[in-house]
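Residue-level listing of the chains:
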Amino acid sequence: MKKKINVFLINGPNLNLLGSREPHIYGNNTLPDLIKNLIKKSEKLNISLSHIQSNAEHVLIEKIHAAKENNIDYIIINPAAFTHSSIAIRDALIAVSIPFIEVHISNIYNRENFRSHSWFSDVSEGVITGLGLEGYYWALKTISKRCKI
Ligand code: DQA
């Protein structure tokens, strides 16, 4: 049996409100629907997908620390508003040195100016922004290509 690629998907604050939060920006699909869909797609890509959403910075940091012991090969992270503020989450990702892709549902470059700066992009493997929920899928596709085992 081929070894599966272990991918950890991290969603930051307010993404639990997908489907009801500013649907003109984030769409109508809920987080549980998104995760269900991504798990289905992961199976076809030989990926074992785990997920966390939290509104608390320290919870996300502790989960990133644990990712090392949990043999995570790759992280996909939408840090949400922490994108623009959290050097602590950036440092955690650097500390565990697990490659990661940064995903944003909206295009952070055509919104308010303060969203144009990310503390993650320069240390990420790549950034997907503005492709809607599809962005998560493209991140999975990229990982499956890059981690051919
Ligand atoms: C977001 C963009 C952020 O600026 C915002 O704070 C979010 C979601 C996105 O997915 O488009 O909460 O990361």
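Keep in mind it's a predicted model, so treat the numbers as computed, not measured.

The rules behind these values
Residues numbered from 1 in each chain as written. Predicted model: local features only at pLDDT ≥ 70, side-chain atom pairs only at ≥ 80, totals over all residues. Heavy atoms only, no water. Helix = DSSP H or I, 4+ residues; strand = E, 2+ residues; numbered from the N terminus. Contact = heavy atoms within 4.5 Å. Phe/Tyr/Trp six-rings, centres within 6.5 Å; stacked < 30°, edge-to-face > 60°. Buried < 20%, exposed > 50% of the residue type's maximum accessible area, 1.4 Å probe, protein only. Lys NZ or Arg CZ within 6 Å of the ring centre and 35° of its normal. UniProt positions renumbered as here; feature names shortened; annotations may be inferred. Polar contact = N/O pair within 3.5 Å; in protein donor to acceptor, adjacent residues only side chain to side chain. Arc of directions from axis to C-beta. Axes fitted to C-alpha atoms, helices over the stretch in contact; angles between N-to-C directions. Parallel < 35°, antiparallel > 145°, perpendicular 65-115°, else oblique. Nonpolar A, V, L, I, M, F, W, Y, C, P; charged D, E, K, R; others polar.

(A) Fine view of the environment of Pro99. Positionally, Pro99 belongs in the loop between helix H4 (87-96) and strand E4 (100-104). Pro99 sits 51 residues away from Ser48 along the chain, and the two C-alpha atoms are 16 Å apart. The contacts of Pro99, once residues within four sequence positions are left out, are Asp73, Tyr74, Ile75 and Glu125.

(B) Layout of the packing of aromatic side chains. Scanning the entire structure with this criterion turns up one aromatic pair. Relative to Trp138, the ring of Tyr137 lies with its centre 5.4 Å away and its plane at 55°, an arrangement referred to as tilted. The class for Trp138 is partly exposed, based on a relative accessible area of 38%. For Lys41, the ring lying beneath its charged end belongs to Tyr137, and the centroid distance is 4.8 Å.

(C) Highlighting the UniProt feature "binding site: substrate" (unreviewed entry) in the protein. Sites flagged by UniProt as "binding site: substrate" (unreviewed entry) map to Asn78, His84, Asp91, Ile105, Ser106 and Arg115. With a sequence span of 38 residues, these residues are also far apart in the fold, their greatest C-alpha distance being 24.1 Å. Checked against the element boundaries, Asn78 lands in strand E3 (residues 74-78). Setting aside anything within four residues of it in sequence, one finds Asn78 in contact with Ile10, Asn11, Gly12, Leu15, Val103, His104, Ile105 and Tyr136. Polar side-chain contacts of Asn78 include one of 2.9 Å to the backbone nitrogen of Ala80. The residue Ser106 is located in the loop between E4 and strand E5 (126-129) in this model. With residues up to four places along the chain from it excluded, the contact list for Ser106 reads Ile25, Tyr26, Arg111, Thr129 and Gly130. A polar side-chain atom of Ser106 sits 2.8 Å from a polar atom in the side chain of Arg111.

(D) H4, seen in detail. Residues of H4 that are buried include every one of Ile89, Arg90, Ala92, Leu93 and Val96, and no others. One side of H4 carries all its buried residues, which in axial view fall inside an arc of 160°. Those residues of H4 that are buried are in contact with helix H3 (57-69), E3 and E4. One or two positions beyond H4, positive phi appears at Ser97, with a value near 40°.

(E) Geometry of the packing of H3 against H4. H4 packs onto H3 with a crossing angle of 5° between their chain directions and a minimal axis gap of 9 Å. Looking at the two axes, H3 sits roughly parallel to H4. In this structure, H3 uses Glu57, Leu60, Ile61, Ile64, His65 and Lys68 to contact H4, whose residues at the interface are Ala88, Ile89, Ala92, Leu93 and Val96. In terms of residue class, the contact of H3 with H4 is built from eight nonpolar, one polar and two charged.

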